[in-house]
Amino acid sequence: MAIKFTPLHDRILVRRVEEAETTRGGIIIPDSAKDKPQEGEVISAGKGKINEEGKVRPLDVKEGDRILFGKYSGTEIKLDGEDYIIMREEEVLGIITGAAKAKETAGSRK
């Protein structure tokens, strides 16, 4: 049975996007030398933040978005044996558009 997790308020659940294990020149990068990726995919998002008037402001990010976040953003958790990060929307640096398709086509050119 899979766990279903829904973040509250302005929090989002993110799965890190794995970086390539080799450079363009073919050099293999060992796990110990890699930094954790600062790019991820939004798995689930809360309803939004409540402002001073008591109204809910919806989040700018939504499920499926590719995002950039700071190196020390969020809290790492493990659900169903998989690693995720829970963070507030304000910790998101930006939304990436077109990145997934560009990486897929670059990988198929080999």
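Note: the structure precedes this text.
Residues numbered from 1 in each chain as written. Predicted model: local features only at pLDDT ≥ 70, side-chain atom pairs only at ≥ 80, totals over all residues. Heavy atoms only, no water.

Colleague: Would you explain the overall build of the chain in this entry?
Modeller: Within the chain, the secondary structure is distributed over one helix and eight strands. Moving toward the C terminus, one meets the helices and strands of the chain in the order β-β-β-β-β-β-β-β-α. In the chain, buried positions account for 27% of the 110 residues. Working note: accessible area of the chain is about 8,200 Å², and carbon and sulfur atoms make up 53% of it. (Helix = DSSP H or I, 4+ residues; strand = E, 2+ residues; numbered from the N terminus. Buried < 20%, exposed > 50% of the residue type's maximum accessible area, 1.4 Å probe, protein only. Areas by Shrake-Rupley, 256 points an atom, 1.4 Å probe, with all protein chains shown as cover.)

Colleague: What exactly am I supposed to notice about the pattern of salt bridges here?
Modeller: A side chain with one charge can pair with a side chain of the opposite charge if their charged atoms come near. Under the definition given, this model contains eight salt bridges. Two residues, E90 and K49, come together in a salt bridge whose shortest N-O distance is 4.0 Å. Within this pair, whereas E90 is found in the loop between β7 (82-88) and β8 (92-96), its partner K49 is found in strand β3 (residues 49-50), the two being separated by 41 residues in sequence. Owing to a relative accessible area of 58%, E90 belongs among the exposed residues under this scheme. On the basis of relative accessibility, which here comes to 38%, the residue K49 falls in the partly exposed class. As a salt-bridge pair, E89 and R57 come within 3.0 Å of each other at their nearest N and O atoms. One end of the pair, E89, is in the loop between β7 and β8; the other, R57, is in strand β4 (residues 56-57), and 32 residues separate them in sequence. Assessed through its relative accessible area of 37%, R57 is described here as partly exposed. (Salt bridge = Lys/Arg side-chain N within 4 Å of Asp/Glu carboxyl O.)

Colleague: Please explain the sheet that holds strand β1 (residues 11-16) as it appears in this structure.
Modeller: Hydrogen bonds between backbone groups are what pair the strands of a sheet, and the pairing can be parallel or antiparallel. Spatially, six strands are ordered β6-β7-β1-β2-β5-β8 in an open sheet, and the strand pairing comes out antiparallel. Each edge of the open sheet carries a strand with a single partner, namely β6 (75-79) and β8. Averaged over all pairs of adjacent strands, the angle between strand axes in this sheet comes to 45 degrees, irrespective of strand direction. Where β6 meets β7, five bridges bridge the pair, whose relative direction is antiparallel. Bridging across to β7, T75 finds its partner in I86. (Pairing = 2+ DSSP bridges. Axes fitted to C-alpha atoms, helices over the stretch in contact; angles between N-to-C directions.)

Colleague: Which parts of the structure should I look at to understand the environment of G74?
Modeller: Positionally, G74 belongs in the loop between β5 (66-69) and β6. Residue G74 is classed as partly exposed on the basis of its relative accessible area, which comes to 29%. Distance in space between the C-alpha atoms of G74 and V92 is 9.6 Å, their sequence separation being 18 residues. When sequence neighbours within four positions are dropped, the list of residues in contact with G74 reads I85, I86, M87 and E91. (Contact = heavy atoms within 4.5 Å.)

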